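This is what each chain is made of:
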Amino acid sequence: MALRRVFLLRSVAPRGAAFSTEPQAHGQLPTSPGSVRGCGATEPVRRPVPAVDFTNTQEAYRSRRSWELVRNLLVLRLCASPMLLAHHEQLFRVARKLLGQRMFDRLMKMTFYGHFVAGEDQESIKPLIRHNKAFGVGFILDYGVEEDLSPEEAERKKMESCTSEAERDNTGTNKREKQYQVHRAFGDRRDGVISARTYFYANETKCDDYMENILQCIQASGGASDGGFSAIKLTALGRPQFLLQFSDVLTRWRRFFHQMAAEQGQAGCAAVDRKLEVAVLQESIEKMGIASRAEIEGWCTPETLGVSGTVDLLDWNSLIDSRTQLSRHLVVPNVQTGQLEPLLSLFTEEEEQQMKRMLQRMDVLAKKAKDAGVRLMIDAEQSYFQPAISRLTLEMQRKFNVDKPLIYNTFQCYLKDAYDNVTMDMELARREGWCFGAKLVRGAYMAQERARSVEIGYEDPINPTYEATNVMYHRCLNYVLEELKHSTKAEVMVASHNEDTVRFALCRMEELGLHPDDGRVCFGQLLGMCDQISFPLGQAGFPVYKYVPYGPVMEVLPYLSRRALENGSIMKGAQRDRQLLWQELCRRLRTRSLFYHPA
């Protein structure tokens with residue numbers, strides 16, 4: 001079966017002083033914030049850490065000239081207008097027609113493009129990167145080009161790329177669970193999504209083109225600074241049908257484990273703590289007719305499961321390693337019919353080749369990142385793709401995160417199972433000895449995910465309230481920070497525009513004695529948003545990064561549209577940005593420093 005090639009989990013081995021926040025003189029900043037470190041690096045001499053004040057506009061905008069503040073304020077005010085937001089695409093088209101392409105490009109660079117985008121190519125972005133770096137802020141480089149498709153084109157591409165040949169023949173549609181089947185009503189994956197890029201599969205040549213762009217992006221990241229990041233989306237690297245099918249397999253196999261754990265009285269335990277008795281497991285598998293007793297005992301050996309006599313979820317995953325004989329017996333009970341069904345679907349020869357090429361592209365990018373000294377951040381996507389994306393990212397981490405966290409997985413804390421996902425991956429990294437790298441976000445697909453689950457009829461994967469998502473974010477972050485206190489083999493990026501979350505992270509770092517010079521906790525915000533968070537952190541010596549998109553004006557218009565909509569939707573945060581920008585302009589007028597030029 002084709003999917004067996006990606007069941008690569010190895011056999012699991014047997015389990016076996018606070019710094020001051022009072023204001024201090026600025027110490028010397030690290031040469032490059034958050035540069036890639038090896039696991040177990042020698043601890044440097046500690047410096048005093050200045051307090052971080054998100055209300056000090058002079059410090060927050062010390063890197064900005066007054067005309068930039070005026071531009072930023074104008075752009076954010078325009079983004080706050082519901083009427084302009086509702087018709088911004090039509091206004092862009094009219095402006096382009098009236099002004100001509102050249103003048104339209106200049107207008108965009110003076111306003112929206114200049115605020116949210118770094119430049120058109122790898123050369124033009126270097127001045128901004130150098131400037132921000134001088135003020136302690138690094139970068140996550142991203143080629144921000146997206147196709148400007150009509151809803152009809154997007155729907156057609158989604159339906160074609162997410163449907164297998166067997167499903168088109170009506171022979172395989174009902175074998176996958178509802179969540180992992182393609183549905184025409186949600187063919188345009190951009191609907192309801194304003195803070196994430198969306199790629200639609202066209203053909204293998206387009207995927208190769210995207211890979212080449214990311215290779216250039218990685219090269220530019222490595223050439224511009226030590227310790228930078230590049231971001232990638234796996235849906236742009238291959239046919240998403242494979243991600244849907246693989247996600248269905250992983251989810252059903254994991255659910256099978258939890259069903260058996262519940263039968264053994266462990267329904268209330270955390271996922272990482274659930275354990276099955278090996279003897280009971282063997283008996284259950286035999287009763288279901290999956291295999292004979294002799295075959296089952298051949299799989300459940302001390303070499304594969306250890307000597308504890310129990311199986312946890314990580315051991316369970318190791319049972320479907322492609323090197324075990326169990327992989328040919330991959331069947332689970334259908335929760336509706338009670339019948340045993342094979343997990344793995346048949347692929348045509350062309351579909352198998354598409355799957356292989358996707359994995360090869362991932363490998364090429366990871367090798368390039370390693371050679372360039374650039375960390376690779378794998379973006380999270382919709383919940384029906386995410387199990388496969390996380391599993392493939394984990395495999396890359398096993399291979400490339402040997403000495404330092406080179407590959408970062410992204411965990412969406414608006415998901416109900418976010419804490420289980422973080423704890424399981426952390427535990428696996430701990431057992432196998434590789435370095436854990438994570439970016440924590442709240443999530444970008446909430447409206448779409450809720451609407452899809454209601455329309456199609458499956459459990460909503462999203463936390464019920466924004467407050468519940470905040471609790472989940474802080475719970476996941478606290479767990480990772482606790483691990484960092486005891487281990488140098490982990491790093492985390494706190495990717496958040498929420499001041500309360502950043503303060504929570506700073507407070508816990510102080511309590512746990514995690515010094516910013518270690519570079520194991522870093523922070524991330526989008527270019528053009530929340531400078532009052534990013535720059536005070538950077539000037540205090542905390543590793544902080546701006547998500548820096550680049551690309552030609554016309555090709556990043558979809559990105560600019562989403563940034564405008566996002567600023568309009570998060571009114572509280574954008575209003576605070578505008579308030580602080582206005583305060584700083586007024587301060588410069590009062591102090592006659594309107595012509596201030598950053599040193």
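Relevant structure appears above.
From a predicted model like this one, the values you see are computed outputs, not experimental measurements.

A. The overall build of the protein, seen in detail. From N to C terminus, the protein includes 24 helices and 12 strands. Counting across all 599 residues of the protein, residues that qualify as buried make up 56%. Accessible surface for the protein amounts to roughly 25400 Å². Of this, 53% is attributable to carbon and sulfur atoms.

B. Here's a closer look at the sheet that holds strand 2 (residues 229-232). Read once around its circumference, the closed barrel built from eight strands follows the order 1-2-7-8-9-10-11-12, with strand pairing classed as parallel. The sheet shows a mean angle of 30 degrees between the axes of neighbouring strands, direction not considered. As paired elements, strand 8 (residues 407-412) and strand 9 (residues 436-441) share four bridges and run parallel to each other. Counterpart to phenylalanine 411 in the pairing with strand 9 is leucine 440. On top of the sheet, helix 22 (residues 531-539) reaches strand 1 (137-143), strand 11 (521-526) and strand 12 (544-550); it is set at about 125 degrees to strand 12, its chief contact.

C. A look at the packing of helix 16 (residues 349-372) against helix 17 (residues 386-400). Where helix 16 meets helix 17, the axes come as close as 11 Å, and the angle between the chain directions of the two elements is 40 degrees. It follows that helix 16 is oblique to helix 17 by the angle criterion. As helix 16 runs across helix 17, the sense of the crossing is right-handed. The segment helix 16 lies against helix 17, with Leu359, Met362, Asp363, Ala366, Lys367 and Lys370 engaging Leu392, Met396, Lys399 and Phe400. Across the contact of helix 16 with helix 17, the residue classes tally to six nonpolar, no polar and four charged.

D. Highlighting the packing of helix 21 (residues 499-512) against helix 22. Relative to each other, helix 21 and helix 22 sit at 20 degrees, their axes nearing to 11 Å. In terms of orientation, helix 21 and helix 22 fall into the roughly parallel class. Crossing angle aside, the handedness with which helix 21 passes helix 22 is right-handed. Facing helix 21, whose interface residues are Glu499, Val502 and Leu506, helix 22 presents Gln532, Ile533 and Leu537. Taken together, the residues of the contact of helix 21 with helix 22 break down into four nonpolar, one polar and one charged.

E. Main features of the pattern of salt bridges. Using the criterion set out here, one finds 31 salt bridges in the structure. A salt bridge links arginine 375 to glutamate 491, with the nearest nitrogen and oxygen atoms 3.3 Å apart. Taken together, the residues span a long stretch of sequence, with arginine 375 in strand 7 (residues 375-378) and glutamate 491 in strand 10 (residues 490-495) at a distance of 116 residues. Judged on exposure class, the residue arginine 375 and its partner glutamate 491 are both buried.

F. Quick peek at the side chain of arginine 361. As for its position among the elements, arginine 361 is in helix 16. On the basis of relative accessible area, arginine 361 is assigned to the buried category, the value being 3%. Look past the residues within four positions of arginine 361 in its chain and what remains in contact with it is Glu204, Cys207, Asp208, Met211, Leu237 and Gly238.

G. Layout of the side chain of lysine 439. Summarising the element assignment, lysine 439 is placed in strand 9. In this structure the side chain of lysine 439 is engaged in a polar contact, spanning 3.5 Å, whose partner is the side chain of aspartate 379.

H. Spotlight on the environment of glutamate 89. With respect to the helices, strands and loops of the structure, glutamate 89 is situated in helix 4 (residues 88-99). Separated by 472 residues in sequence, glutamate 89 and serine 561 have C-alpha atoms that sit 7.4 Å apart.

How each quantity is defined
- Residues numbered from 1 in each chain as written.
- Predicted model: local features only at pLDDT ≥ 70, side-chain atom pairs only at ≥ 80, totals over all residues.
- Heavy atoms only, no water.
- Helix = DSSP H or I, 4+ residues; strand = E, 2+ residues; numbered from the N terminus.
- Buried < 20%, exposed > 50% of the residue type's maximum accessible area, 1.4 Å probe, protein only.
- Areas by Shrake-Rupley, 256 points an atom, 1.4 Å probe, with all protein chains shown as cover.
- Pairing = 2+ DSSP bridges.
- Axes fitted to C-alpha atoms, helices over the stretch in contact; angles between N-to-C directions.
- Contact = heavy atoms within 4.5 Å.
- Parallel < 35°, antiparallel > 145°, perpendicular 65-115°, else oblique.
- Left-handed = near helix turned anticlockwise from the far one by under 90°.
- Nonpolar A, V, L, I, M, F, W, Y, C, P; charged D, E, K, R; others polar.
- Salt bridge = Lys/Arg side-chain N within 4 Å of Asp/Glu carboxyl O.
- Polar contact = N/O pair within 3.5 Å; in protein donor to acceptor, adjacent residues only side chain to side chain.

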